[in-house]
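Coordinate analysis (summary)
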Amino acid sequence: VTSILWLPQSELAVTACYGGIQSLRVKQSTPLKRYAWKGSILTLVAAPNGKYLASGNQDNSIHVWRTSSGEDFQMEGYPSKVKVLAFSPNSQTLATGFGPAVLLWDFSGKGPGGKKPQALKGHTGTVTDLAFTEQRGQRRLVSIAHDGMLCTWAPHLSPGTVTATATDAPLECLAVDPRGRLLVAADRYGQVLAFLHG
């Protein structure tokens, strides 16, 4: 098992492994649903509205399932393994990190089919984590990377960063408090850094 999460809007847990994903109900020993896929899944995220599950994969792709029907589709052509994914709070945007780039996929309407992703470029090192936050009704995307940069983006306003903060060490993981005010990042050497999000 490479990833496990609770499916929003339900009482189901979802697990990912080589060969696909499955949903499990508490106190029930057999899976409720299985979504087969021949590949190695590295990470899994769920849209907050519970309509989509998206995986980042060993074969440089993203695989997506509609939870209502099990219908699936794939976004291919990434130059490296996709290990970092995040859905926006309104479930309309999937952010993906690979190498130094961040791509945003539009999941509004009928989904990303036939749409081109928006590219955000600001990092020089591998992106290691992503998180959406909302503050005073304004949506932002926060990214960290091995270049030691913490970048805050407003992709719906412009392709540029709103703020970029440099640290002294490669950043590895990120957490945002529910109010979107405090950002906490851990670096490769065990330091935990806190940032107030203006």
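Described below are features of the structure shown in this document. The shown structure was predicted, so the numbers you read here are calculated from the model rather than taken from an experiment.

Our next topic: the nonpolar core. Residues Ala54, Ile62, Phe87, Leu94, Trp105 and Phe107 are the most contacted members of the largest nonpolar core, which totals 17 residues. Put simply, the parts of the chain that give this core at least two residues each are β6 (52-57), β7 (62-66), β9 (84-87), β10 (93-98) and β11 (101-106). Among residues more than four places away in sequence, those in contact with Phe87 are Val45, Ala46, Ala47, Pro48, Tyr52, Ala54, Thr93, Leu94, Phe107 and Phe132. Judged by nonpolar contacts, the second largest core, of 13 residues, contains Leu5, Ala16, Tyr35 and Ala46.

Moving on to the sheet that holds strand β2 (residues 12-17). Across a sheet, strands are paired by hydrogen bonds formed along the backbone, either parallel or antiparallel in direction. Here we have 4 strands laid out as an open sheet, ordered β1-β2-β3-β4, and antiparallel in their pairing. Whereas interior strands pair on both sides, the edge strands pair on one side only; in this sheet they are β1 (3-7) and β4 (33-36). Neighbour-to-neighbour, the strand axes of this sheet turn through a mean angle of 20 degrees, independent of strand direction. Bridging between β1 and β2 involves 5 bridges; their strand directions are antiparallel. In the strand pairing of β2, Ser3 is matched with Ala16.

What follows deals with the pairing of strand β19 (residues 192-196). By the bridge criterion, 5 bridges tie strand β18 (residues 182-187) to β19 in an arrangement that is antiparallel. From the neighbouring strand, Leu183 faces β19, where its bridge partner is Phe195. Connecting the antiparallel pair β18 and β19 is a turn made up of 4 residues, with Gly190 showing a positive phi of about 95 degrees.

In this section: the pairing of β2. Regular strands show a simple pattern: their side chains alternate between the two faces of the sheet. Among the 6 residues that make up β2, 5 are buried, leaving the element largely enclosed by the rest of the structure. A loop of 4 residues connects β1 with β2, the two strands running antiparallel in sequence, and Gln9 in this loop sits at a positive phi of about 65 degrees. Direction of pairing for β2 relative to strand β3 (residues 20-25): antiparallel, over a ladder of 6 bridges. Bridge pairing in β3 places Leu12 opposite Arg25. Linking β2 to β3, which pair antiparallel, is a turn of 2 residues; within it Gly19 sits at a positive phi near 105 degrees.

Moving on: the sheet that holds β11. Read from one edge to the other, the open sheet built from 4 strands follows the order β9-β10-β11-β12, with strand pairing classed as antiparallel. Looking at the sheet topology across the chains shown, the edges are occupied by β9 and β12 (118-121). Pairs of neighbouring strands in the sheet enclose a mean axial angle of 20 degrees, with direction left out of account. Relative to β10, β9 runs antiparallel, the two being bridged by 4 bridges. Looking at β10, one finds that Leu85 is bridged to Thr96.

Quick notes on the rules
- Residues numbered from 1 in each chain as written.
- Predicted model: local features only at pLDDT ≥ 70, side-chain atom pairs only at ≥ 80, totals over all residues.
- Heavy atoms only, no water.
- Core = buried A, V, L, I, M, F, W, Y, C linked by side-chain atoms within 4.5 Å.
- Buried < 20%, exposed > 50% of the residue type's maximum accessible area, 1.4 Å probe, protein only.
- Helix = DSSP H or I, 4+ residues; strand = E, 2+ residues; numbered from the N terminus.
- Contact = heavy atoms within 4.5 Å.
- Pairing = 2+ DSSP bridges.
- Axes fitted to C-alpha atoms, helices over the stretch in contact; angles between N-to-C directions.

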